[in-house]
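So the chains spell out like this:
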Amino acid sequence: MIKKIEFKNTLDYAKFLDEQDPLKSFREKFYIPFMHGREAIYFTGNSLGLQPKTTQDYVLNELEDWANYGVEGHFHARNPWMPYHEIFTQQLCSLTGALPHEVVAMNQLTVNLHLLMVSFYRPTKQRYKIICEAKAFPSDQYAMESQVKYHGFNYEDAVVEVSAREGEYTIRTEDILTAIEKNKDSVALVLFSGVNYYTGQLFDMPAITFAAHKAGAYAGFDLAHAAGNVPLSLHEWNVDFACWCSYKYLNSGPGGVSGVYINERHSSDTDIPRFAGWWGHDKENRFLMEQGFKPIPSAEGWQLSNAPVLSMAAHKAALDVFDEAGWENVFTKAKALNQYLWHVLDEVNAACTDKPITIITPRNEEEHGCQVSLLMNRDGKKIFEELKKQSVIADWREPNVIRIAPVALYNSFEDVWKFGDILRMFLVTR
Ligand SMILES: *Cc1c(COP(=O)(O)O)cnc(C)c1O
């Protein structure tokens, strides 16, 4: 790999990096949206990943099998629908660093977060608190709020939010660990995102998990912005549970199926309270339709409904592209793209006397993935409009943050250079 130190902020150099890129052919495997008559620079793979060109075929195959077999497709489709979720086991293990009986694809993300809290947030009078990051994604905040209320507690008392310090943008690990230690007699659950959606901060999941366990609490993570973005070793880190969505970095289509991880010490324990449905019931006698729920002794035992095959087909198409590329290669390229982006942004700032961009994402590579969040100290909205005019699809967050996330499979070094060039032209000339 090219050393950071040698980076040059020129179009020729960006093109040179693209030529060296072992994954360069993967861009061709995706539909890149058009904007103002040209291919967009798509930097919102952290929000909705692009469509692989193979997705249509995967979905059409299921529609065909449905047309040809009707209900018999449950057994005779090319990928029989009955055990459809099982086609993801190996790929979800590679994605999250899990054992096969620790993962399953099911439902959608917020639904799964609730199901997991039903099992792993069972507060007592003594031990009832949830420790989480301040400014978590709203859906997670609502899930936590409604869960604590459901158990008769109130948010202010039961939910301990760890904030960034005054004048800082991201949360110090030491402050998270201190909050856990301080609440060691009352904390039931430590629930963080893997990567914060706003700042792009990657949390120290092993350290948080260790501290949670030491305090007698469970550790769970919402990996919506981490899955497919950063390497994960959930089993090795001893995480209790996690869930993620498949439509951000995982390119599986709007509202795509979610995934969950439940550590084997829990997933094999059929006595853990849960909300049950027939798909979580013992496969041998599911169709005897008898009374008495007998959970499958694995993460599959948390399933409720039969598989949403059409959205799962899109998920399969997307994961097969990652398999073809190899996760190692994906993360290596993502890192190189990201390093180039920081280099380019630093040069834009250096070219302006007033340092117009404050990067609120942690600079340390251990503390971020693909996303970089730019706090614009001036002209924020105007720059965002200019980017749009020049076919850059980025994300605007009030009051003045631009979030971008160049990803390995379909973004290029040229995309990054072009983005920097637009910023530089706009910021330096005024
Ligand atoms: C994207 C995202 C969600 C979205 O939840 P859905 O149930 O998929 O709509 C929830 N939580 C986090 C942290 C997210 O980043």
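Residues numbered from 1 in each chain as written. Predicted model: local features only at pLDDT ≥ 70, side-chain atom pairs only at ≥ 80, totals over all residues. Heavy atoms only, no water.

Enquirer: In this structure, what is going on with the overall build of the protein chain? I would like to understand it.
Expert: Counting its secondary structure elements, the protein chain contains 15 helices and 15 strands. By the compact-globule yardstick of 22 Å for 430 residues, the protein chain fits well, its C-alpha radius of gyration being 23 Å. Seen through its C-alpha atoms, the protein chain measures out along the principal axes to roughly 75 × 60 × 35 Å. In the protein chain, 70% of the contacts between residues at least 6 apart in sequence involve partners at least 24 apart. (Helix = DSSP H or I, 4+ residues; strand = E, 2+ residues; numbered from the N terminus. Rg over C-alpha atoms; globule rule 2.2 N^0.38 Å. Contact = heavy atoms within 4.5 Å.)

Enquirer: So what exactly am I meant to see when it comes to the sheet that holds strand β14 (residues 395-397) here?
Expert: Sheet strands line up and pair through hydrogen bonds in the backbone, either parallel or antiparallel. Here four strands make up an open sheet; going across it, the order is β11-β12-β15-β14 and the pairing antiparallel. Looking at strand neighbours, the two that pair on one side only are β11 (357-359) and β14, the edges of this open sheet. Neighbour to neighbour, the strand axes of the sheet diverge by 30 degrees on average, direction disregarded. Bridge analysis of β14 against strand β15 (residues 401-404) gives three bridges, and the strand direction is antiparallel. The residue bridging Trp 396 from the neighbouring strand is Ile 402, located in β15. (Pairing = 2+ DSSP bridges. Axes fitted to C-alpha atoms, helices over the stretch in contact; angles between N-to-C directions.)

Enquirer: Any chance you could explain the domain arrangement of the protein chain here in plain terms?
Expert: Frequently, the measure chosen for interface size is the accessible area that the parts lose on association. Entries for the protein chain in the domain assignment read domain 1 (11-30 + 326-428) and domain 2 (59-323). Put simply, the middle of domain 1 and the middle of domain 2, counted by C-alpha atoms, are 30 Å apart. The interface of domain 1 with domain 2 comprises 28 residues on the first partner and 21 residues on the second. Of the roughly 2,100 Å² buried at the junction of domain 1 and domain 2 (both faces included), carbon and sulfur atoms supply 62%. The largest contributions to the domain 1 side of the interface with domain 2 come from Trp 327, Phe 331 and Ile 360, which together make up 31% of the buried area. Inspection of the domain 1/domain 2 interface yields zero salt bridges. Inspection of the domain 1/domain 2 interface yields nine residue pairs in polar contact (both at pLDDT 80 or more). Residue composition of the side of domain 1 that touches domain 2, by class: 15 nonpolar, seven polar and six charged. (Domains from an automatic or database assignment. Buried area = accessible area lost by both parts, 1.4 Å probe. Salt bridge = Lys/Arg side-chain N within 4 Å of Asp/Glu carboxyl O. Polar contact = N/O pair within 3.5 Å; in protein donor to acceptor, adjacent residues only side chain to side chain. Nonpolar A, V, L, I, M, F, W, Y, C, P; charged D, E, K, R; others polar.)

Enquirer: Which parts of the structure should I look at to understand unusual backbone geometry?
Expert: It is generally the case that most residues other than glycine have a negative phi and that most peptide bonds are trans. In this model, Glu 398 is joined to Pro 399 through a cis peptide bond whose omega is 0 degrees. Structurally, the position occupied by Pro 399 is in the loop between β14 and β15. With a phi angle near 70 degrees, Asn 238 is a residue other than glycine that sits in the positive phi range. Mapped onto the secondary structure, Asn 238 falls in the loop between α10 (234-237) and β9 (241-244). Residue Asn 251 is not a glycine yet carries a positive backbone phi of 60 degrees. Note that Asn 251 resides in the loop between β9 and β10 (259-262). Given the relative accessible area of 5%, Asn 251 is considered buried. (Buried < 20%, exposed > 50% of the residue type's maximum accessible area, 1.4 Å probe, protein only.)

Enquirer: Hey, could you run me through the nonpolar core in this one?
Expert: Generally speaking, nonpolar side chains in soluble globular proteins are found buried as a group. Membership of the largest hydrophobic core comes to 69 residues, with the highest contact counts inside it found for Val 190, Phe 192, Phe 221, Leu 223, Trp 244 and Leu 409. Per element, the largest residue contribution to this core is seven residues, and it comes from helix α12 (residues 309-325). Lining this core are residues from two domains, each supplying at least three of them: domain 1 (11-30 + 326-428) and domain 2 (59-323). The residues touching Phe 221, leaving out its near neighbours within four places in the chain, are Leu 191, Phe 192, Ser 193, Met 205, Ile 208, Thr 209, Val 239, Phe 241, Ala 242 and Cys 243. (Core = buried A, V, L, I, M, F, W, Y, C linked by side-chain atoms within 4.5 Å.)

Enquirer: Please clarify how the packing of helix α5 (residues 109-120) against helix α6 (residues 138-150) should be interpreted in this entry.
Expert: A pair of packed helices can be characterised by two numbers: the angle between their axes and the separation between those axes. Between α5 and α6, the least distance of the axes is 10 Å, while the angle of their chain directions is 35 degrees. As for how α5 packs across α6, the hand of that crossing is right-handed. Only Ser 139, Asp 140, Ala 143, Met 144, Ser 146 and Gln 147 of α6 make contact with α5, whose side of the interface consists of Thr 110, Leu 113, His 114, Met 117 and Val 118. Looking at the contact of α5 with α6, its residues break down into five nonpolar, five polar and one charged. (Left-handed = near helix turned anticlockwise from the far one by under 90°.)

Enquirer: Looking at this structure, I do not really get the site of the ligand. What am I missing?
Expert: Around the ligand, the structure places Leu 109, Thr 110, Phe 137, Asp 140, Asp 222, Ala 224, His 225, Tyr 247 and Lys 248. The contact in question runs from an oxygen atom of the ligand to an N or O atom on the side chain of Thr 110, over 2.6 Å. Here Asp 140 contributes a side-chain N or O atom positioned 2.6 Å from a nitrogen atom of the ligand. Here the residues of the shell around the ligand are counted per class, giving four nonpolar, two polar and three charged. (Near = heavy atom within 4 Å.)

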